[in-house]
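Descriptive structure summary
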Amino acid sequence: MTQTTELLEALVEFNSANQAMANKTIDFCEQWLKGKGLEVEVLINEGYKMLVCTVGKGEQRVIFNGHVDVVSGEPYQFQPEVKDGKMYGRGTADMKGGLSAMMAAIAELSTLDLGNTSVQLHIVSDEETGGNFCTSYLVDNAYLGDFAICGEPTQLGVGYKAKGVLQMDMFFEGKPAHGSRPWEGDNAIIKAFKTYETIKELPFAKVSSDLYDAPSINLAKILGGDAYNKVPQKCEMNVDIRYLPEQSSAEILEEIKEITDANVKIHYEAVPVDNDLESKPMQLLLSCIEETTPSSPKGFGQHGTSDAAYYLKYDVPAIEFGPSGSDWHGEGEYVELQSIEAYKTILVNFVQSFSRK
């Protein structure tokens, strides 16, 4: 078992689906990195721990971003199992596999001459719940660089674009009436659902691009009604929209407000990720992937969001790039161990090449 695989196994054994255990996992990462002779800074924001580790003294900076938190899982999922070249367990793919490779890579990079480049590792504990307390805090406090890699599972492809996020809470008012005479009332639940059906037909919902067929529109929750024999007077509908990088959340919101009298409140927003695949750092990374793997590297667009969006807020190009795996957040989550080793090699080669670009 390689050093990277042993590290991954130890990380998966932490049930880091809650804040307390995610913080303990940060403590473990701190001790592991210190054991490699590296200097580590641990920060705390609103009870959430995060870790920063920098190697090299060059002016150009590459950022590795990884998260230790995971979604909830069954007890057996925190007992990692290796079978047929794969490690199964909660967080193996999302994203302790990528994180273990990043930690091993920065330990190796600390022994090399990086020229005019430095590498800063950001390990955070709240990505699965939005990243509002860790990566957001780091970038707001000037932990920035020239290029950022978030180690989410991408099958060793480069997620250079990602949809933006617009999550809305919509509050509808109807007119109550006796359930036996619904025509005398105005059903708030029906109003909400009809609005959702209309949203799917709005102009913004029909936009497509080379990477995306359309925005994603999900009716996440609908809450209303309090008795069988009463026409619902109130309804709350929660809608999750993932829009294309070339679209505007403000324009989408304006379209929606024009077709409803509901009170609309923004629950959460995240800017889309929109990088230039032809840029020098991107082409350099694609070359490093091609040199290490048998398949041709590809760039693609993610449907979901990640902490990469926070770096874009400060004009730092940020991508998702990580090992191969499957069924993250599912029962059979796994990561391919060979891809972790390849990923670590690519990261090391990329940083060394970055210093020469």
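Not measured: the values here are computed from a predicted model. Within each chain, residue numbers correspond to sequence positions counted from 1 in written order. Confidence filtering applies because this is a predicted model: local features only for residues at pLDDT of at least 70, side-chain atom pairs given and counted only at 80 or more, and all residues used for totals across whole chains, interfaces and linings. Side-chain numbers here rest on the full set of heavy atoms in the structure, without hydrogens or water.

Another point: the layout of surface pockets. Method remark: on a 1 Å grid restricted to protein atoms, a set of points is classed as a cavity if a 1.4 Å probe fits but cannot get out and as a pocket if it is open with protein on both sides within 12 Å along at least five of seven lines; lining residues have an atom within 4 Å of a point. Grid points are joined across faces, edges and corners, and a volume is the space filled by probe spheres set on the points. Computed from the structure, the largest pocket encloses a volume of approximately 600 Å³. The wall of the largest pocket is formed by 21 residues, among which Glu-127, Glu-128, Arg-242, Gly-304 and Thr-305 lie closest to the centre. When its residues are assigned to classes, the lining of the largest pocket shows five nonpolar, nine polar and seven charged. Every residue lining the second largest pocket is listed: Asn-132, Ser-136, Tyr-268, Glu-269, Ala-270, Val-271, Ala-309, Tyr-310 and Lys-313. The numbering of helices and of strands both runs from the N terminus, where a helix is a DSSP run of H or I of at least 4 residues and a strand a run of E of at least 2. In terms of residue count, the dominant contributor to the lining of the second largest pocket is strand 12 (residues 263–270) (three residues). Residues are grouped as follows: Ala, Val, Leu, Ile, Met, Phe, Trp, Tyr, Cys and Pro are nonpolar; Asp, Glu, Lys and Arg are charged; all remaining types, including Gly, are polar.

In this section: the state of the cysteines. Throughout, a disulfide means two cysteine sulfur atoms within 2.5 Å of one another. Inspection of the entire model under this criterion finds zero disulfides. Of the cysteine sulfurs around Cys-288, a residue in no disulfide, the closest is that of Cys-150, at 18 Å. When its relative accessible area of 2% is taken as the criterion, Cys-288 is described as buried. Three exposure classes are used, based on accessible area relative to the maximum for each residue type with a 1.4 Å probe and protein chains only: buried under 20%, partly exposed in between, and exposed over 50%.

Stacked, edge-to-face and tilted labels apply to pairs of Phe, Tyr and Trp rings (six-membered ring for Trp) whose centres lie within 6.5 Å, assigned for plane angles under 30 degrees, over 60, and everything in between, in that order. Summed over the entire model, instances satisfying the criterion amount to seven aromatic pairs. Where Tyr-88 meets Tyr-334, the ring centres are 5.3 Å apart and the plane angle is 50 degrees; that geometry is what we call tilted. With a gap of 246 residues between them, Tyr-88 in strand 5 (residues 86–88) and Tyr-334 in strand 17 (residues 334–336) connect regions that are remote in the sequence. Aromatic side chains Phe-350 and Phe-354 sit 5.6 Å apart centroid to centroid with 55 degrees between the ring planes, which places their arrangement in the tilted category. In this pair, Phe-350 and Phe-354 both sit in helix 9 (residues 337–354), four residues apart, roughly one turn of the helix. Accessibility expressed as a relative area gives 1% for Phe-354, which makes it buried. A connected cluster of aromatic rings, assembled from ring pairs, spans Phe-147, Phe-350 and Phe-354. Remark: a charge is flagged as sitting over a ring if the NZ atom of Lys or the CZ atom of Arg is within 6 Å of the ring centre and within 35 degrees of the ring normal. The side chain of Lys-86 reaches across the aromatic face of Tyr-334, ending 4.5 Å from its centre.

Note on method: axes are straight lines fitted to C-alpha atoms, helices fitted across the in-contact stretch only, with angles between N-to-C directions ranging 0 to 180 degrees. For the pair helix 1 (residues 3–12) and helix 9, interaxial distance at closest approach is 10 Å and the crossing angle is 115 degrees. The pairing of helix 1 with helix 9 is recorded here as roughly perpendicular in orientation. Read as a crossing pair, helix 1 and helix 9 show a hand that is right-handed. Contacts between helix 1 and helix 9 involve Thr-4, Thr-5 and Leu-8 from the former and Leu-337, Ile-340, Glu-341 and Lys-344 from the latter. Its residues assigned to classes, the contact of helix 1 with helix 9 shows three nonpolar, two polar and two charged. Orientation categories follow fixed angle ranges, with anything under 35 degrees roughly parallel, anything over 145 roughly antiparallel, 65 to 115 roughly perpendicular, and all other angles oblique. The sense of a crossing depends on the near helix, which, turned anticlockwise from the far helix by less than a right angle, makes the crossing left-handed and, turned clockwise, makes it right-handed. In what follows, a contact means two residues having at least one pair of non-hydrogen atoms within 4.5 Å.

Residue position: Asn-45 is located in strand 1 (residues 41–45). Relative accessible area serves as the criterion here: at 15%, Asn-45 is assigned to the buried category. Ignoring sequence-local partners within four residues, the contact set of Asn-45 consists of Met-50, Phe-133 and Tyr-137.

Across the chain, the bulk of peptide bonds are trans and the bulk of non-glycine residues have phi less than zero. Cis peptide bonds are those with omega within 30 degrees of zero, and the linkage from Asp-94 to Met-95 qualifies with -10 degrees. Within the secondary structure layout, Met-95 lies in helix 3 (residues 92–109). Located in the positive-phi region is Leu-156, a residue other than glycine, with phi close to 65 degrees. As for its placement among the helices and strands, Leu-156 is situated in the loop between strand 7 (147–150) and strand 8 (158–162). A residue is classified by how much of its surface remains accessible, and Leu-156, at 12% relative accessible area, is buried. Despite not being glycine, Asp-315 shows a phi value in the positive range, around 60 degrees. Mapping Asp-315 onto the fold places it in the loop between helix 8 (308–312) and strand 15 (318–321).

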